[in-house]
Amino acid sequence: MRCLRCGICCRETEMLLSTEDIERLERKGYTREFFAKCDPKGYITLRNYRGYCVFHDVEKRRCKVHADRPLGCRLYPVVYDEAKGIVVDDICHAQSTVTEKQKAKRGKKVLKLLEKIDAEAKKRCSA
């Protein structure tokens with residue numbers, strides 16, 4: 001898969017964050033309040049600013065934290081669709097460059113990440 005840097009995946013993102021993602025970004029000097037928001041069910045997602053992820057540089061068409069970006073961003077465009085399971089996101093302009101082997105490998109990681117995020121959200125709600 002080769003990213004085209006179009007930024008469509010960064011537009012109005014709802015990318016879920018794991019505790020590990022949050023801690024990694026905080027170690028880089030970003031405050032949780034700047035980049036994350038929490039929903040009533042305990043799920044934490046990236047914030048948007050002017051229609052894009054807070055880390056997306058619209059002019060340069062790149063991620064400001066690329067080396068430290070959330071795991072979900074690293075695995076994209078392989079995502080979990082509640083109706084279809086593991087799929088390649090059809091909004092991605094580079095979707096045709098994802099091989100079945102990459103989809104399967106990343107898909108396993110997506111499922112593992114979602115299990116982790118679900119468990120973390122439940123802990124937040126019960127705390």
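Shown above is the structure to which this text applies.
Residues numbered from 1 in each chain as written. Predicted model: local features only at pLDDT ≥ 70, side-chain atom pairs only at ≥ 80, totals over all residues. Heavy atoms only, no water.

Engineer: Even after reading the chapter, I still don't get a positive patch on the surface, so can you show me in this structure?
Structural biologist: Residues Arg5, Lys60, Arg61, Arg62 and Lys64 make up a contiguous surface patch of positive charge. A relative accessible area of 43% means that Arg5 is categorised as partly exposed. (Patch = residues over 30% accessible without salt bridge, like charges linked within 9 Å, V, L, I, M, F, W, Y side chains within 5 Å. Areas by Shrake-Rupley, 256 points an atom, 1.4 Å probe, with all protein chains shown as cover. Salt bridge = Lys/Arg side-chain N within 4 Å of Asp/Glu carboxyl O. Lys, Arg positive; Asp, Glu negative; His and termini not counted. Charge placed at Lys NZ, Arg CZ, Asp CG, Glu CD. Buried < 20%, exposed > 50% of the residue type's maximum accessible area, 1.4 Å probe, protein only.)

Engineer: Sorry, what's going on with the pattern of salt bridges here?
Structural biologist: Pairs can form between side chains of opposite charge whenever their charged atoms are close. According to the stated counting rule, one finds five salt bridges in the structure shown. A salt bridge links Glu20 to Lys116; the nearest nitrogen and oxygen atoms lie 3.0 Å apart. Of the two residues, Glu20 sits in helix H1 (residues 19-27) while Lys116 sits in helix H4 (residues 100-126), which places them 96 residues apart along the sequence. For Glu20, a relative accessible area of 45% translates into the label partly exposed. Given the relative accessible area of 32%, Lys116 is considered partly exposed. We note a salt bridge from Arg24 to Asp21, for which the minimum N-O separation is 2.6 Å. Here Asp21 and Arg24 lie together in helix H1, a separation of three residues that amounts to about one turn. There is no split in this pair, since Arg24 and Asp21 are both buried. (Helix = DSSP H or I, 4+ residues; strand = E, 2+ residues; numbered from the N terminus.)

Engineer: When you look at the side chain of Arg24 in this model, what are you seeing that I'm missing?
Structural biologist: Residue classification places Arg24 among the buried residues on the basis of a relative accessible area of 14%. There is a polar contact of 3.1 Å between the side chain of Arg24 and the backbone oxygen of Arg69. When residues no more than four places from it in sequence are discounted, the contact partners of Arg24 are Asp68, Arg69, Pro70, Leu71 and Arg74. (Polar contact = N/O pair within 3.5 Å; in protein donor to acceptor, adjacent residues only side chain to side chain. Contact = heavy atoms within 4.5 Å.)

Engineer: When you look at H1 in this model, what are you seeing that I'm missing?
Structural biologist: Note that an α-helix has 3.6 residues per turn; residues three or four places apart therefore point the same way. All buried positions along H1 are accounted for by Asp21, Ile22, Arg24 and Leu25. Looking straight down H1, one finds that the buried residues subtend no more than 165 degrees of arc, so they occupy a single side. Considering only its buried residues, H1 is in contact with helix H2 (32-35), strand E2 (44-46) and helix H3 (71-75). Phi turns positive one or two residues past the end of H1, at Gly29, with a value near 100 degrees. (Arc of directions from axis to C-beta.)

Engineer: Looking at this structure, how should I read H4?
Structural biologist: The end-to-end C-alpha distance of H4 is 39 Å, a good match for the 39 Å that 27 residues give at a rise of 1.5 Å each. Taken together, the buried positions of H4 are Arg106, Gly107, Val110, Leu113, Ile117, Glu120 and Ala121. In this fold, the buried residues of H4 make contact with H1, H3, strand E7 (78-81) and strand E8 (85-88). (Expected span 1.5 Å × (residues − 1).)

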